[in-house]
Amino acid sequence: MSTTNYPLLERVNDPADLRRLPRAELKALATELRAFVLESVSKTGGHLSSNLGTVELTVALHAVFDTPRDRLVWDVGHQTYPHKILTGRRDRMPSLRQLGGLSGFPQRAESEYDTFGTAHSSTSISAALGMALAAKQRGDERRCVAIIGDGAMTAGMAFEALNNAGVADANLLVILNDNDMSISPPVGALNRYLAQLMSGQFYAKARDVGKSVLKNAPPLLELAKRLEQQAKGMVVPATLFEKFGFNYIGPIDGHDLDSLIPTLENIRGLKGPQFLHVVTKKGQGYKLAEADPVAYHGPGKFDPRVGLVKPATPPKQTFTQVFGQWLCDMAEKDERLVGITPAMREGSGMVEFHQRFPERYYDVGIAEQHAVTFAAGMACEGVKPVVAIYSTFLQRAYDQLIHDVALQSLPVVFALDRAGLVGADGATHAGAYDIAFVRCIPNMSMACPADERECRQLLTTAYEQDHPVAVRYPRGAGVG
């Protein structure tokens, strides 16, 4: 497949090969890996920006941890192309997201390095904690690592897992891959040194000795804790993760192997729950993706030298676009209408609505359960909520759909995008269950439009009802 030579990458057929490379060659390996990701995705389509942003982090994790014995759990999973390439699947990248080919997400049946199947967000900490406690119960000295993005951290499930992990006494490392902020001046040489210092054995032992000496003098122990917190606060961002019982380290530059590897090596030797905050940039190393990471989030085939080009012939209108237009038209007619989405603005066709009616647009983050009950609360006060959500993601809020909306017969419209089969995204994203699980709910009805005119008509009819209605439609289907 490749039209470029990758001398180092071609020597890495599994992470053991990577760990045999001299440390000085890992930066060059990361450069080749990034170029290979860009070349391969440009030929197959797929997630790009997020994968370009995790290259160095992936190299560092496989260099430091004894994978697959040590467990890596990638949240969401669409940033795992570098991981797949380094774990023996480089030659299969031309089959990415195709029938019988490589999955676009981690898949246990595909590789022993894919320790947990992920595609819906915010599950990694729960899974990694389960693995860590199972290892502890069996007396296995393995490390378990959850890599979670800043968007996925907004979900309640992530905080439920953090809350549990902080008191579970598990050897768990949670890595927050923060790609929504730039590398600020404090995240430099000084902070790199301090992150390594705080993750090192000397700091950990000194802290433990201090606690044992002062445990019989509670006032002094409390004073020592406050001094430690204040000292950390001078050099790292204030964080709530310490309150969950984690030892917080960072933030550090997620593209700097000279910072990542020593810090991870130090953390590997620590006991108990650890939290490492790394800062990365979506699209790193490819200027077009850096400038517009949303456009390059999941592009189709393209020429990397040219970038994305609009098609000469406009594609057929999709149901998603029809919904977006209807939403704006109805909002003009009825000031009670509000649009709600769990972090799916672009995918659900709500960009124009957000621009035209910003005070009536609510993005609640990746929090499907909250989105549904939030809509129910608004409906109680006479507002007319329209919840735009992927069919497969509504599964995560099934209890709220029944208990908070349907049993109270509240007039909430659910616009279910990506209904039915979705092709490249695979089984985890296929909206194959909504007809079965919605139509059995009391006080709730469902509509399935066949074309543009019927889609608008059914959305309007649903909006006028005094009970909840779901309108489901497929992804990317041209409507006539």
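In the block above lies the structure referred to throughout.
What comes next concerns the included structure. (Residues numbered from 1 in each chain as written. Predicted model: local features only at pLDDT ≥ 70, side-chain atom pairs only at ≥ 80, totals over all residues. Heavy atoms only, no water.)

### A word on the packing of helix H2 (residues 26-44) against helix H5 (residues 81-89)
So, step 1. Interhelical geometry of H2 versus H5 gives an angle of 105° and a closest axis separation of 10 Å. By the criterion of interaxial angle, the relationship of H2 to H5 is roughly perpendicular. Residues Leu33, Phe36, Val37 and Val41 of H2 lie in contact with H5, whose contacting residues are Tyr81, Pro82, Ile85 and Leu86.
So, step 2. Grouping the amino acids of the contact of H2 with H5 by side-chain chemistry returns eight nonpolar, no polar and no charged. (Axes fitted to C-alpha atoms, helices over the stretch in contact; angles between N-to-C directions. Helix = DSSP H or I, 4+ residues; strand = E, 2+ residues; numbered from the N terminus. Parallel < 35°, antiparallel > 145°, perpendicular 65-115°, else oblique. Contact = heavy atoms within 4.5 Å. Nonpolar A, V, L, I, M, F, W, Y, C, P; charged D, E, K, R; others polar.)

### Description of the sheet that holds strand S1 (residues 71-74)
So, step 1. One open sheet accounts for five strands, arranged S1-S2-S3-S5-S4; its pairing is parallel. The open sheet has two edge strands, S1 and strand S4 (247-253), and neither has a second partner. The mean angle between the axes of side-by-side strands here comes to 20°, regardless of whether they run parallel or antiparallel.
So, step 2. Taken together, the six bridges between strand S2 (residues 144-149) and strand S3 (residues 172-178) define a ladder with parallel strand orientation. Its bridge partner lying in S3, Ala146 is registered against Val174.
So, step 3. Relative to S1, helix H4 (residues 55-64) is tilted by about 160°, and along the sheet it contacts S1, S2, S3 and strand S5 (274-279).
So, step 4. Contacting S3, S4 and S5, helix H11 (residues 257-268) crosses the sheet at an angle of about 165° to S4. (Pairing = 2+ DSSP bridges.)

### Regarding the sheet that holds strand S10 (residues 445-447)
So, step 1. One open sheet accounts for six strands, arranged S7-S6-S8-S9-S11-S10; its pairing is parallel. Single-partner strands in this sheet number two, and they are strand S7 (361-363) and S10. If you compare each strand with its neighbour and ignore which way they point, the axes differ by 20° on average.
So, step 2. Relative to S7, strand S6 (residues 337-341) is paired through three bridges, and the arrangement is parallel. Within S7, the residue paired with Gly339 across the bridge is Tyr361.
So, step 3. Strands S6, strand S8 (384-390) and strand S9 (413-417) of the sheet are contacted by helix H13 (residues 319-333), whose axis makes an angle of about 165° with S8.

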